[in-house]
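# Descriptive analysis of the structure
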Amino acid sequence: MRKKLESALSYLEGLKVDYADIRVHDITDEAYSTEDGRVQAMIDHRSRGYGIRVFLGGSMGFAASQDFEKMEQTVRDALAIARASRLAQKRPVKLASRPAAVDSYRTPVEIDPFSVSKKEKLELLLTADAEMRQAEPGLFKTAGTLDFRREEKIFADTEGSYITQEIYHTGGGIKAFAADGRDRQVRSYPNCFRGNFAAAGYEFINDMRLVENAAQAAREAAALLKAEECPSGRFDLVIGSSQMMLQIHESVGHAIELDRVLGYEAGYAGTSFLNPGMEGFQYGSEHVNIVADATVPGGLGTFGYDDEGVPAQRVPIITGGKFENFISCRNSAAVLGRLSSGAARADGWSRIPIVRMTNINLLPGSMELEELFAGIEYGFYLCTTKSWSIDDRRLNFQFACEIAHEIRDGRLTGKIYKNPIYTGITPEFWNSCDGVAGEKYWQMYGTHNCGKGEPQQLGRVAHGSSPARFREVKVGVADVK
Amino acid sequence: MWPMLSKERAYAIIDLVLEEAKGYETAVIVQGGNEALTRFANSEIHQNVQASSMDVTIAVTRGHKRSAVTTGLCTPEGLRRATGEALANLEFLPEGEKQPPLVGTPPEIETVSLDAELEREFTAENRARLVARTLATLEEGYKAFGTLAYNVNLLAVGNSRGIRRLAIQNSVNYTALVASAGGGTGYAEARSHRAGDLDLAGAFARAYEKARLNRDPAELEPGPYTVILEPLAVGNILAFLSLMGFSGKSVQDRAGFLTGKMGERVFSEKISITDDHTDPNTFTLPFDFEGSPRRKVTIIDKGVARELTYDLNTALKDGTETTGHALGISPMSGMTPPVPLHLVMAGGDQSLEEIIAGTGDGLLVTRFNYMNPVNPRAAQLTALTRDGLFRIRDGKIAGAVKNMRFTESMLHALNNVEAVSRERYRTGFFNFGCYYVPALKINDFHFTGKSG
């Protein structure tokens with residue numbers, strides 16, 4: 001394969017292209033779904049192909065194919081597309097410099113998830129399902145999922161890079177549904193979006209303890225069906241890590257993508273309220289410290305090199321509440337005369353790399369969870385994402401959670417509410433943060449379905465945080481008459 | 001130079017797999033695509049891509065067991081390996097739900113709709129020229145963003161009962177967002193599988209005109225307003241109503257807003273919605289991913305919930321027949337619910353212009369951003385307005401308004417429909433599917449927040 005790729009790149013060098021790269025992706029997926037004690041779907045999936053990106057005279061063209069025998073034709077297609085791009089281009093596309101690399105990387109895994117039998121995986125889900133049913137026989141529906149991916153990637157370019165990577169992603173989760181003639185409620189463990197995901201092996205599933213946590217999910221779903229609607233008004237909130245992941249994703253992660261800032265996504269995913277030159281902006285309170293960290297073990301945004309051959313980095317995004325850096329690819333970084341933050345990824349061989357979150361993590365504070373509660377006279381502890389929406393500049397957000405735990409006089413009362421919704425404006429919200437729990441509460445959640453780009457790509461990203469406290473947040477919409 | 005997406009190749013794949021799985025109930029789905037997309041931002045092309053792909057799904061059934069493998073390795077060796085994996089899985093799979101019999105009739109459905117003009121006019125070079133031509137109409141202070149995409153799609157289905165299905169179609173999708181230096185934006189789309197229907201310059205001009213109008217926006221307080229939702233905004237809502245509630249699966253799961261309401265009046269009698277792939281303004285796909293003939297489904301008839309869409313499994317559960325809306329399986333989500341892709345909403349008897357002229361005080365909405373269900377059982381949705389929200393006073397557009405968030409039950413909103421426009425537009429259903437929808441005037445539509 002290496003000879004084939006180098007031959008194609010040599011041909012392109014002979015044509016005096018500015019730059020070219022070839023990525024080969026070979027993806028193997030296993031996906032398991034159970035419902036109500038039965039196997040709903042067990043899907044094996046394989047996707048293998050390559051994409052060639054050519055920069056010629058300052059213009060870009062990209063062509064991708066599954067047919068490795070026709071690589072020469074694909075090269076010619078990419079060249080023709082690059083030439084066509086010139087017809088509607090004002091400025092040459094530039095790429096930020098970075099050293100060429102010849103290297104390899106593999107996700108550290110204790111147990112290769114593809115070495116565990118399919119039978120054992122199904123038995124785990126069916127056992128967890130039975131536990132939910134046993135705990136709450138009246139549940140309307142129970143479900144479970146497991147997902148495993150091995151992605152073998154080769155990156156080669158005209159600057160001399162040749163990088164091979166083998167990335168493993170593992171995920172799983174369960175759901176309990178309670179329903180009656182009027183309502184349906186769900187409780188997910190450990191999170192929604194087919195559970196939680198990590199760059200890890202099967203040990204991640206073992207550590208998740210799906211069976212041991214099944215009964216609680218079942219009981220909470222049943223209780224939610226009988227629970228009152230969460231009140232509307234302004235309340236102090238403690239937001240748990242399983243919801244903080246979405247809060248960080250939508251109101252920080254997308255806002256700091258430099259391609260959005262530069263307008264590259266304006267027609268589709270949107271832009272950002274941030275602009276170049278806003279470094280130092282008071283994004284949040286002093287308690288808010290956020291990094292983009294592609295080096296942290298276990299994140300879905302953890303890798304050796306991004307899909308432009310830029311090494312994984314840990315970039316400070318917000319420090320002491322002040323905005324510091326965007327995340328970028330080689331092209332967007334060059335527009336600002338900066339170096340890439342190593343955040344360019346494609347969701348497979350048929351797509352170009354675009355700016356993608358790595359692991360955008362809120363760093364832990366120093367408080368105990370009970371201390372966060374103790375500072376609240378009346379409020380709620382919200383967990384697990386249920387609904388999400390934000391505007392195209394990443395300012396006005398509205399999220400719903402699966403469950404609200406009541407806090408009164410500094411303690412959880414044991415009472416729960418259903419359908420909690422909260423809404424806010426990004427900088428106001430993050431500036432209302434007056435406490436983040438400590439490291440022992442810190443947890444990372446991965447998601448595999450972040451949509452962006454045209455043609456659309458599904459990114460795999462993660463967000464770590466501890467529970468955090470926010471003051472006077474708008475909860476509910478029933479009071480808007 | 002595209003690889004051929006041909007009937008011969010698709011059927012050869014199906015034949016090979018069926019031979020390899022002889023003796024089993026086997027269904028094969030072949031999906032192929034040649035997609036080319038030119039993307040522009042800041043009034044110049046910044047991304048320009050093409051990809052060709054083919055994926056094969058092999059589903060084998062034995063008794064109550066069903067195993068599925070999808071592969072992009074479409075060589076004989078790759079297909080044999082994938083078939084072998086699907087068969088091997090049957091050995092340890094526990095018994096599942098009763099499986100419906102495979103589709104057996106009619107033996108053949110084929111439709112090939114390749115518009116030669118589209119193929120000729122939307123090469124990479126021509127796409128770039130078309131983009132350049134529209135960009136040249138912009139005055140200083142305005143920038144444009146968007147896409148021009150040309151796609152060829154193939155879907156072929158075959159099974160061990162001998163059926164063969166084939167659909168090949170090409171199409172063009174165009175999106176244009178124009179932004180002024182002051183930040184005001186306008187947006188429009190054009191899409192069709194017929195070159196004669198496409199008016200890219202017209203769509204660009206609409207987006208440009210909206211961007212011109214969208215300046216010095218006023219800030220309004222949240223609360224109930226009379227709104228006129230343009231077709232793109234109505235299409236946004238319809239997509240989520242469809243996902244939340246129009247399939248038999250959504251009612252079986254007690255997840256959708258039509259649970260327990262079939263046969264009842266749920267919307268204003270001004271609202272009628274069918275799923276109709278034979279409507280010339282949607283696109284032709286006369287069968288589904290199981291090979292069942294796709295039939296027209298009357299989902300809402302003058303406000304009354306009449307029918308839901310089904311695939312074989314969900315129909316079996318409800319003791320009814322499939323409507324031909326199976327969408328197959330996805331490694332991302334397992335079995336995909338049988339959601340309608342060709343929704344057609346009945347038009348009214350007033351033009352959009354007349355509806356605006358008849359409005360004393362209201363808001364005109366171009367489209368929505370990041371819509372999602374808040375409570376699917378209540379058909380409660382939330383989203384923000386985007387790329388043009390305008391105040392209407394005394395029958396005229398009186399000025400721009402800053403974007404606002406609505407959180408509203410569509411069971412409430414679509415019972416407050418005052419007018420439906422005569423003209424209708426084609427809108428997209430995420431990345432596939434095509435709707436044909438009018439504008440709606442709705443009273444007492446609840447905005448619950450404003451953009452910062």
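## What to know about the confidence of the model for chain B
- The predicted model of chain B averages 95 in pLDDT, with 97% of residues at 70 or higher.
- This complex was scored by the predictor with a pTM of 0.96 and an ipTM of 0.95.

## Considerations on the nonpolar core
- Within the largest apolar cluster, 88 residues are counted, with the highest numbers of intra-cluster contacts made by Leu 146 of chain A together with Val 30, Tyr 174 and Val 178 of chain B.
- The residues touching Val 30 of chain B, leaving out its near neighbours within four places in the chain, are Ala 10, Ile 13, Ile 14, Met 54, Asp 55, Val 56, Leu 154, Leu 155 and Ala 156 of chain B.
- The next biggest cluster of nonpolar side chains, apart from the first, holds 66 residues, and it includes Leu 220, Val 234, Leu 258 and Val 420 of chain B.

## Describing the interface of chain B and chain A
- Contact residues are listed per partner, giving 83 residues for chain B and 85 residues for chain A.
- Regarding the contact of chain B and chain A, the summed buried area is about 6,800 Å², with carbon and sulfur atoms giving 51% of it.
- There are eight salt bridges connecting chain B and chain A.
- A salt bridge links Arg 39 of chain B to Glu 265 of chain A, with the nearest nitrogen and oxygen atoms 3.0 Å apart.
- One can count 44 residue pairs in polar contact (both at pLDDT 80 or more) joining chain B with chain A.
- Classifying every residue of the side of chain B that touches chain A by side-chain character gives 33 nonpolar, 33 polar and 17 charged.

## Observations regarding the packing of helix H3 (residues 118-135) of chain A against helix H5 (residues 210-226) of chain A
All names here are of chain A.
- Viewed as axis vectors pointing N to C, H3 and H5 meet at an angle of 35°, and their least axial separation amounts to 8 Å. Crossing of H3 over H5 shows right-handed handedness. Here H3 contributes Leu 124, Leu 125, Thr 127, Ala 128, Glu 131, Met 132 and Ala 135 to the contact with H5, which in turn contributes Leu 210, Val 211, Ala 214, Ala 215, Ala 218 and Arg 219.

## A word on the packing of aromatic side chains
Residues and elements named next belong to chain A.
- Considering all chains together, one arrives at 31 aromatic pairs over all chains under this definition.
- Summarising the aromatic geometry, the rings of Tyr 32 and Phe 148 are spaced 6.2 Å apart at their centres and angled 75° between planes, so their arrangement reads as edge-to-face. Taken together, the residues span a long stretch of sequence, with Tyr 32 in strand S1 (residues 19-35) and Phe 148 in strand S5 (residues 141-157) at a distance of 116 residues.
- A residue is classified by how much of its surface remains accessible, and Phe 148, at 1% relative accessible area, is buried.
- Relative to Phe 429, the ring of Phe 397 lies with its centre 5.1 Å away and its plane at 85°, an arrangement referred to as edge-to-face. Within this pair, whereas Phe 397 is found in strand S18 (residues 396-408), its partner Phe 429 is found in helix H10 (residues 426-431), the two being separated by 32 residues in sequence.
- An aromatic cluster is built from Phe 397, Phe 399, Tyr 422, Phe 429, Trp 430 and Phe 470, whose rings are joined through pairwise contacts.
- It is Arg 330 that lies over the ring of Tyr 19; its NZ or CZ is 5.2 Å from the centre.

## Structural notes on helix H5 (residues 200-213) of chain B
All names here are of chain B.
- Relative to the 20 Å expected for 14 residues at 1.5 Å per residue, H5 spans 20 Å between its end C-alpha atoms, a close match to the ideal helical length.
- Among the residues of H5, those classed as buried are Leu 200, Gly 202, Ala 203, Phe 204, Ala 207, Tyr 208, Lys 210 and Ala 211.
- Those residues of H5 that are buried are in contact with helix H4 (124-135), strand S5 (142-159), strand S6 (164-180), strand S7 (185-192), strand S15 (361-375) and strand S16 (380-393).

## Considerations on the domain arrangement of chain B
All names here are of chain B.
- Partitioning chain B into domains gives domain 1 (7-210) and domain 2 (216-452).
- Summarising the inter-unit geometry, the C-alpha centres of domain 1 and domain 2 are found 24 Å apart.
- Opposite the 35 residues of domain 1 that make contact, domain 2 presents 34 residues.
- Counting each side, the surface lost to burial between domain 1 and domain 2 is near 2,700 Å², with a carbon and sulfur contribution of 61%.
- When the area that domain 1 buries against domain 2 is broken down by residue, the three leading residues are Tyr 187, Arg 191 and Lys 210, summing to 21%.
- There are three salt bridges connecting domain 1 and domain 2.
- Where domain 1 packs against domain 2, one counts six residue pairs in polar contact (both at pLDDT 80 or more).
- Looking at the side of domain 1 that touches domain 2, the elements that each hand over two or more residues are strand S1 (25-41), strand S3 (65-71), strand S4 (108-113), S5, S6, S7 and H5.
- If you tally residues by element for the side of domain 1 that touches domain 2, the top one is S7, at six residues.

## Details of the sheet that holds strand S12 (residues 314-319) of chain A
All names here are of chain A.
- The strand order S13-S12-S11-S16 describes an open sheet built from four strands, whose pairing is antiparallel. In this open sheet, the two strands that pair with only one neighbour each are strand S13 (322-323) and strand S16 (360-362).
- By the bridge criterion, four bridges tie strand S11 (residues 290-293) to S12 in an arrangement that is antiparallel. Looking at the pairing, Asp 293 lines up with Arg 314 of S12.
- Seen against the sheet, helix H6 (residues 241-253) touches S11, S12 and S16 and runs at an angle of roughly 120° to S16.

## Looking at the pairing of strand S8 (residues 223-229) of chain B
All names here are of chain B.
- Where burial is concerned, most of S8 is hidden: six out of the seven residues are buried.
- Two elements, S8 and strand S20 (residues 434-450), share six bridges in a ladder whose sense is antiparallel. Following the sheet pairing, Pro 224 is matched in S20 by His 446.

## Some details on the pattern of salt bridges
All names here are of chain B.
- What the rule picks out here adds up to 69 salt bridges over all chains.
- Across the salt bridge formed by Asp 361 and Arg 391, the nearest N and O atoms sit 2.9 Å from each other. Taken together, the residues span a long stretch of sequence, with Asp 361 in strand S15 and Arg 391 in strand S16 at a distance of 30 residues.
- A relative accessible area of 14% means that Arg 391 is categorised as buried.
- For Arg 367, the salt bridge is made with Asp 387, and the minimal N-O distance between the two is 2.7 Å. Separated by 20 residues along the polypeptide, Arg 367 in strand S15 and Asp 387 in strand S16 bring together distant segments of the chain.
- Its relative accessible area of 10% is what places Arg 367 among the buried residues.

What counts, and where the lines are drawn
- Residues numbered from 1 in each chain as written.
- Chains lettered and ligands numbered in written order.
- Predicted model: local features only at pLDDT ≥ 70, side-chain atom pairs only at ≥ 80, totals over all residues.
- Heavy atoms only, no water.
- pLDDT = per-residue confidence, 0-100.
- Core = buried A, V, L, I, M, F, W, Y, C linked by side-chain atoms within 4.5 Å.
- Buried < 20%, exposed > 50% of the residue type's maximum accessible area, 1.4 Å probe, protein only.
- Contact = heavy atoms within 4.5 Å.
- Buried area = accessible area lost by both parts, 1.4 Å probe.
- Salt bridge = Lys/Arg side-chain N within 4 Å of Asp/Glu carboxyl O.
- Polar contact = N/O pair within 3.5 Å; in protein donor to acceptor, adjacent residues only side chain to side chain.
- Nonpolar A, V, L, I, M, F, W, Y, C, P; charged D, E, K, R; others polar.
- Axes fitted to C-alpha atoms, helices over the stretch in contact; angles between N-to-C directions.
- Helix = DSSP H or I, 4+ residues; strand = E, 2+ residues; numbered from the N terminus.
- Left-handed = near helix turned anticlockwise from the far one by under 90°.
- Phe/Tyr/Trp six-rings, centres within 6.5 Å; stacked < 30°, edge-to-face > 60°.
- Lys NZ or Arg CZ within 6 Å of the ring centre and 35° of its normal.
- Expected span 1.5 Å × (residues − 1).
- Domains from an automatic or database assignment.
- Pairing = 2+ DSSP bridges.

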